[in-house]
Amino acid sequence: MYTRKRILVTGGSGFLGSHLCERLLREGDDVLCLDNFFTGTKDNILHLLDNPHFELIRHDVTFPLYVEVDEIYNLACPASPIHYQFDPVQTTKTCVHGAINMLGLAKRVRAKIFQASTSEVYGDPEVHPQPESYWGSVNPIGRRSCYDEGKRCAETLFFDYHRQHKLRIKVARIFNTYGPRMHPNDGRVVSNFIVQALQNEPITIYGDGRQTRSFCYVDDLIEAFIRLMSTDDECTGPMNLGNPGEFTIRELAETIIAMTGSASKLTFTQLPSDDPMQRKPDISLARKVLDWEPRISLEQGLQPTIAYFEQLLKGSQ
Ligand code: NAD
Ligand code: UDP
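Residues numbered from 1 in each chain as written. Chains lettered and ligands numbered in written order. Predicted model: local features only at pLDDT ≥ 70, side-chain atom pairs only at ≥ 80, totals over all residues. Heavy atoms only, no water.

I'd like a description of the overall build of the chain, backed by residues and values.
A tally of regular secondary structure across the chain gives nine helices and 13 strands. Radius of gyration (C-alpha) of the chain: 19 Å, near the 20 Å computed for a compact globule of 317 residues. In the chain, buried positions account for 55% of the 317 residues. Counted over contacts in the chain with a minimum sequence separation of 6, partners at least 24 positions apart contribute 81%. Summing over all exposed atoms, the chain offers an accessible surface of approximately 14,300 Å²; the carbon and sulfur share of this is 51%. (Helix = DSSP H or I, 4+ residues; strand = E, 2+ residues; numbered from the N terminus. Rg over C-alpha atoms; globule rule 2.2 N^0.38 Å. Buried < 20%, exposed > 50% of the residue type's maximum accessible area, 1.4 Å probe, protein only. Contact = heavy atoms within 4.5 Å. Areas by Shrake-Rupley, 256 points an atom, 1.4 Å probe, with all protein chains shown as cover.)

Outline the packing of aromatic side chains, listing residues and values.
Throughout the structure, instances matching the rule amount to eight aromatic pairs. Each ring, one from Y122 and one from Y134, has its centre 5.9 Å from the other, and the planes form 20°; the classification is stacked. Here Y134 lies in the loop between β5 (112-118) and α4 (145-165) and Y122 lies in the loop between β5 and α4, a separation of twelve residues in the sequence. The class for Y122 is buried, based on a relative accessible area of 1%. Look at Y134 and you get buried, because its relative accessible area is 12%. Where Y308 meets F309, the ring centres are 5.2 Å apart and the plane angle is 75°; that geometry is what we call edge-to-face. Judged by its relative accessible area of 22%, Y308 falls in the partly exposed class. Ring pairs connect the aromatic residues Y73, F114 and F225, which therefore count as one cluster. (Phe/Tyr/Trp six-rings, centres within 6.5 Å; stacked < 30°, edge-to-face > 60°.)

Can you tell me about the site of ligand 2, naming the residues and giving the values?
Surrounding ligand 2, one finds 18 residues, the nearest of these being N192, T204, R213, D275 and R279. Protein chains bury 95% of the 510 Å² of accessible surface belonging to ligand 2 in isolation. Those elements that provide at least two residues to the shell around ligand 2 are α5 (189-198) and β8 (203-206). Its residues placed into classes, the shell around ligand 2 shows seven nonpolar, five polar and six charged. (Near = heavy atom within 4 Å. Nonpolar A, V, L, I, M, F, W, Y, C, P; charged D, E, K, R; others polar.)

So what's going on with unusual backbone geometry? Which residues, and what values?
In the segment running from H128 into P129, the intervening peptide bond is cis, with an omega of -10°. The residue after G237, namely P238, is reached through a cis peptide bond having omega 0°. When you line up the elements, P238 lands in the loop between α6 (218-229) and β11 (239-241). The phi torsion at R181 lies on the positive side, around 80°, for a residue other than glycine. For R181, the position within the fold is in the loop between β7 (177-178) and α5.

Give me the lowdown on the site of ligand 1, citing residues and values where you can.
Around ligand 1, the structure places 31 residues, and the nearest of them are L16, D35, T39, Y147 and K151. Note that an oxygen atom of ligand 1 is positioned 2.5 Å from one of the side-chain N or O atoms of D35. Here G40 contributes a backbone N or O atom positioned 3.0 Å from an oxygen atom of ligand 1. For ligand 1, the accessible surface in isolation is 820 Å², of which the surrounding protein chains cover 97%. When residues of the shell around ligand 1 are traced back to their parent elements, those giving at least two are α1 (15-26), β2 (30-35), α3 (88-109), β5 and α4. Its residues placed into classes, the shell around ligand 1 shows 14 nonpolar, 13 polar and four charged. (Polar contact = N/O pair within 3.5 Å; in protein donor to acceptor, adjacent residues only side chain to side chain.)

Which residues make up the nonpolar core, and what values do they have?
Grouped together as the largest cluster of nonpolar side chains are 57 residues, with contacts concentrated most on L20, Y73, F114, V190, F193, F225 and L241. With eight residues, α6 is the largest single contributor of residues to this core. One finds C95, V96, M102 and A154 within the second-largest nonpolar core, a separate group that totals 32 residues. (Core = buried A, V, L, I, M, F, W, Y, C linked by side-chain atoms within 4.5 Å.)

Residues and numbers for the pairing of β8, please.
Along β8, the buried face is formed by I203 and I205; none of T204 and Y206, which line the opposite face, is buried. Strand direction decides the pairing type here: β8 and strand β13 (residues 266-269), joined by four bridges, are parallel. Within β13, the residue paired with Y206 across the bridge is T269. (Pairing = 2+ DSSP bridges.)

I'd like to hear about α3, residue by residue, with values.
For α3, with 22 residues, the first-to-last C-alpha span of 31 Å sits near the 32 Å given by 1.5 Å per residue. The largest bend in α3 amounts to roughly 25° and is located at T94. Those residues of α3 that sit buried are T91, T94, C95, V96, G98, A99, N101, M102, L103, L105, A106 and V109. In this fold, the buried residues of α3 make contact with β1 (6-10), β4 (71-74), α2 (81-86), β5 and α4. Looking at the residues trailing α3, positive phi occurs at R110, about 55°. (Expected span 1.5 Å × (residues − 1). Bend = angle between axes of the 7 residues up to and from the residue.)

If you want it as structure tokens, here you go:
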């Protein structure tokens, strides 16, 4: 009997998606990687293309898809502010139409479906750290809204499909995650600072650098994805996934300068609008239900990430 699970990963050639595809293949699953290559690249999955259990489809999730699968991980969506603000209408479509199409597919084939939601659903939070019960403080008409509200609407759709059609859903609220294969030009803070430090260029701190973020290493996050997907059907989430260690952006800059031995100096520029002042996940639920917590410290995770960008910059010289 054929026992391998057939798993669809949308956004599979992106940063998180490529690590997830790798992990699922290691688990012995058949992986269908779907991407429109907006922010993802074939380079991220080049090493998987020869694997007979791996298949790549160029497709945009805003259009319907007909395949037969047992599980779906819906990750397709640009994730960094620069990328999701490049074409905000397309971002909302990807979040909302993408969710409708993937939920429709899950309904037709009775697949279990995972949604990569985000800590951005909490907006600029008034509650700290953020538990899943917090409804958030989100500007509906700002520059981040296409992503924040798009992801909030996707969560609504997931829960309505669950209530109305008895779909098995798993909604993860992902907090800032970093690691090898982050896009070097996507403007996210970890990739920006590492690339700037390696080139001895000024480190661009937006605002005064006192805003905080919590950074999770990609391997820790993917472990949580797998555990959440295999929970009982009653466990729908939403569930916060991230590293509760909290750092100011200035601390992050100083750590990266020290670890790279860089001569870079800090420069301070204007804080973008609606930039959250603080963010730290309450991961009590994940600890309890998944028996999971991140194991990799910021310095441990920055080592392979810095090594990745060093290689990338050498290759581009
Ligand atoms: P990424 O940009 O590297 O990956 C997103 C992938 O989706 C890319 O490969 C891109 O080409 C693809 N994509 C975008 N629009 C698409 C469309 N319409 N159809 C098909 N493919 C499309 O970003 P990432 O960091 O890997 O994020 C993956 C998911 O996790 C996203 O949904 C993001 O919102 C969520 N997330 C990530 C983080 C993080 O810190 N990395 C935090 C919160 C949530
Ligand atoms: N940031 C910064 N310099 C940069 C890029 C980002 O100071 O070169 C800040 C940004 O203003 C935010 C934090 O770092 O306060 C995290 O930004 P990122 O875009 O990585 O993620 P998000 O804001 O979505 O959490």
